[in-house]
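# What the coordinates show
As a plain string of letters, each chain reads:
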Amino acid sequence: MAVPVAFFALFFAYPVAAIVGRGLKAEGDWQFGRIGGVLSRPDILDVLWFTTWQALASTALTLLIALPGAYVFARFDFPGKQVLRAVVTVPFVLPTVVVGTAFLALLGRGGLLDELWGVRLDTTVWAILLAHVFFNYAVVVRTVGGLWSQLDPRQEEAARVLGAGRFAAFRRVTLPALAPAVAAAALMVFLFTFTSFGVVQILGGPAYSTLEVEIYRQTAQLLDLPTAAVLTLVQFAAVGAILAVHAATVRRRERALKLVDPAQTSRRPRGAGQWALLGGVLLTALLLILLPLGVLVERSLDGPGGYGFGYYEALQSVGAGGSSTFLVPPLEAVGNSLRYALVATLIALVIGGLAAAALTRRAGRLVRGFDALLMLPLGVSAVTVGFGFLITLDKPPLDLRTSWILVPLAQALVGVPFVVRTMLPVLRAVDDRLREAAAVLGASPLRAWREVDLPLVRRAVLVAAGFAFAVSLGEFGATVFIARPDNPTLPVAVARLLGRSGELNYGQAMALSTILMLVCAVSLLLLERIRTDRSGEF
């Protein structure tokens, strides 16, 4: 635990505490009265209210749309199932900037709906809600569907034999077993939407602001650190409560259920009703997931002179779109992002692997608290972490403000939770007696790990590396502060282009977003080929 604890203490707790300290201290004294003053402001209350209700609405809408998909993937066997599973997971690993850009191309000015029917939904709450469903659809399908596929269908069949109707059998047998998984998925969706930044920043406009967006505005634009510090504390408290409830539901699911091999529960659809359900899920995937991604690609190819690769070619020029936008050709952001993401993945694998190994020991409350600590970067403001890097890592021996390693360190903070969540179930499944047998035969602990654990978890490590790479590639909240102007990442470059007017800037943003989407999709398709049933769920 020592190395992961030191890593999180130095690169997470220290920067966040520094930001909060600067905001709540005046002349060396703590000014806790500022908390009440900030939280009583009408504009801040509006932000808190919108953040909460849009997260609740997004969660409810996601469950409503995604639960039928979870059932289809769990119970039905049909051609192309593995490919479709990968396709519906693509939005989850996409950067939120790309998600916002895709829906901007679909719902915004000059978008597909605007061209066909003259309807614009950007700068409305509906665009935000739909983008959140698009982003979180896979969370419900994977979390609930993964458990659903392992529930023994004979229990529900026995209830039917005893006289229960189809709905009554589902309500009394299947639903109670699924409840912890549904609750866990709902909490994760609520967490991601409660802390939404890129989607709201691009689609919401000035009328809508979540806590994360407001923290960014107060920090980067208004330089109001006291307000930003109070909002960070509010977000921290809310995320801590969400993660505590999530941990309780996960432990309940792990202890209470008796599972079977998913291969025993999957079959081809039977009857018109099941085929109609499958068709509805496929139509939902087409309209909700493939259509925004397809429109994004189409807009990247639709240049002033007709369809072609003009916007992609313009990415090679510094002056294209205005010389003040970039100091280097925008296309260099692709190489920068790949290099940063590779380094961040290595860091996340080392830190996350050590943390997962420590968590397998089940050492009581200390380890459970450590587990919660590892999840905090998913919910605590990345904007706060990024700005905290700038004001804390600025003195020897850790003067890293001009160092390239700063970006991978911030990205690794987001990648570590995915590594831990992927590797932990597999490590816990390794029989301790195998390690004990190796020790009896004279193997050292290192050799026992190499000969026993590593062969069993190798595929899980590859899956963890893929997820860490994808989320590192798309990290935006912290990177927007610390990426140097001459070394932008892809999400930062997209945000810069969208922030400037002009058809060329818009087209280049679509082109860069398409490149980033393709890289993430390829990574995910590779993961789908090597994943295992235990290590592939999140």
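Here's a quick rundown of the structure. All figures in this text were calculated on a predicted structure; none of them were measured in a lab. (Residues numbered from 1 in each chain as written. Predicted model: local features only at pLDDT ≥ 70, side-chain atom pairs only at ≥ 80, totals over all residues. Heavy atoms only, no water.)

Here the focus is unusual backbone geometry. Notably, Leu223 is not glycine yet its phi reads approximately 55 degrees, a positive angle. Mapped onto the secondary structure, Leu223 falls in the loop between α11 (211-221) and α12 (225-256). For Leu223, a relative accessible area of 64% puts it in the exposed group. (Helix = DSSP H or I, 4+ residues; strand = E, 2+ residues; numbered from the N terminus. Buried < 20%, exposed > 50% of the residue type's maximum accessible area, 1.4 Å probe, protein only.)

Now for the environment of Phe476. Mapped onto the elements, Phe476 comes out in the loop between α20 (445-474) and α21 (479-482). Measuring from C-alpha to C-alpha, the distance between Phe476 and Val383 comes to 8.7 Å, with 93 residues separating the pair along the chain. Residues contacting Phe476, with those up to four places away along its chain left out, are Val97, Phe197, Pro491, Val492 and Ala495. (Contact = heavy atoms within 4.5 Å.)

Moving on to the pattern of salt bridges. For side chains of opposite charge, pairing can occur when their charged atoms come near one another. Here the structure, examined in full by the defined rule, presents five salt bridges. A salt bridge links Arg41 to Asp43, with the shortest nitrogen-to-oxygen separation between them at 3.0 Å. Here the residues in one salt-bridge network are Glu115, Glu298 and Arg299, joined through shared partners. (Salt bridge = Lys/Arg side-chain N within 4 Å of Asp/Glu carboxyl O.)

Our focus in this paragraph is the nonpolar core. Grouped burial of nonpolar side chains is what soluble globular proteins tend to show. If you look at the biggest cluster of nonpolar residues, it comprises 165 residues, and the most contacted ones within it are Phe7, Leu94 and Phe389. Among the elements that line this core, the one with the most residues is helix α7 (residues 125-148), at 16 residues. Contacts of Phe389, omitting those with residues within four sequence positions, involve Phe11, Pro15, Leu406, Leu409, Ala410, Leu413 and Ile482. Among the nonpolar cores identified, the runner-up in size contains five residues, and Val430, Ala443, Ala448 and Val452 belong to it. (Core = buried A, V, L, I, M, F, W, Y, C linked by side-chain atoms within 4.5 Å.)

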